[in-house]
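Fold and geometry: a report
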Amino acid sequence: MGSTRPQTPCLLYFTDASSPDAVEIYSLTDKSTYTIPLADPPITERSVVGSSHWWLVTADARSELHLLNPVDNSRSLLWPPSNR
């Protein structure tokens, strides 16, 4: 069964003042900003194409897709569909 705890609304964004390997998260609940460092590759070199339940789907210049969770910095490469 899934969690019944409500999700905290927040806004994820990048700034020029942030390092290229970090994101800012603004919590709407406590009205605070948090800087979260991320491992390589730098998120500023990728496009965010979707999100759900803290997971971001990002794409690079070659259209490789990755799942990224900025809260715990876990990530996974999404394999492209086979060309059968």
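This report concerns the structure included in the present document. In this text, all values refer to a predicted model and were calculated from it rather than measured experimentally.

Quick word on a nonpolar patch on the surface
A cluster of nonpolar side chains, Val 49, Leu 65 and Leu 78, forms an exposed patch at the surface whose accessible area comes to about 220 Å². Tracing the backbone shows Leu 78 in strand E7 (residues 74-78). According to the relative accessible area criterion, Leu 78 is partly exposed, its value standing at 33%.

Overview of the pattern of salt bridges
For the coordinates displayed, the defined rule picks out 3 salt bridges. The partner of Asp 60 in a salt bridge is Arg 46, and the shortest N-O contact between them spans 3.7 Å. Here Arg 46 lies in the loop between strand E3 (32-37) and strand E4 (47-52) and Asp 60 lies in the loop between strand E5 (55-59) and strand E6 (65-69), a separation of 14 residues in the sequence. One exposure class covers both Asp 60 and Arg 46, and it is buried. A salt bridge links Arg 62 to Asp 60; the nearest nitrogen and oxygen atoms lie 3.9 Å apart. When its relative accessible area of 18% is taken as the criterion, Asp 60 is described as buried.

Cut-offs used in this document
Residues numbered from 1 in each chain as written. Predicted model: local features only at pLDDT ≥ 70, side-chain atom pairs only at ≥ 80, totals over all residues. Heavy atoms only, no water. Patch = residues over 30% accessible without salt bridge, like charges linked within 9 Å, V, L, I, M, F, W, Y side chains within 5 Å. Areas by Shrake-Rupley, 256 points an atom, 1.4 Å probe, with all protein chains shown as cover. Salt bridge = Lys/Arg side-chain N within 4 Å of Asp/Glu carboxyl O. Helix = DSSP H or I, 4+ residues; strand = E, 2+ residues; numbered from the N terminus. Buried < 20%, exposed > 50% of the residue type's maximum accessible area, 1.4 Å probe, protein only.

All we've got here are geometric facts, nothing functional implied.
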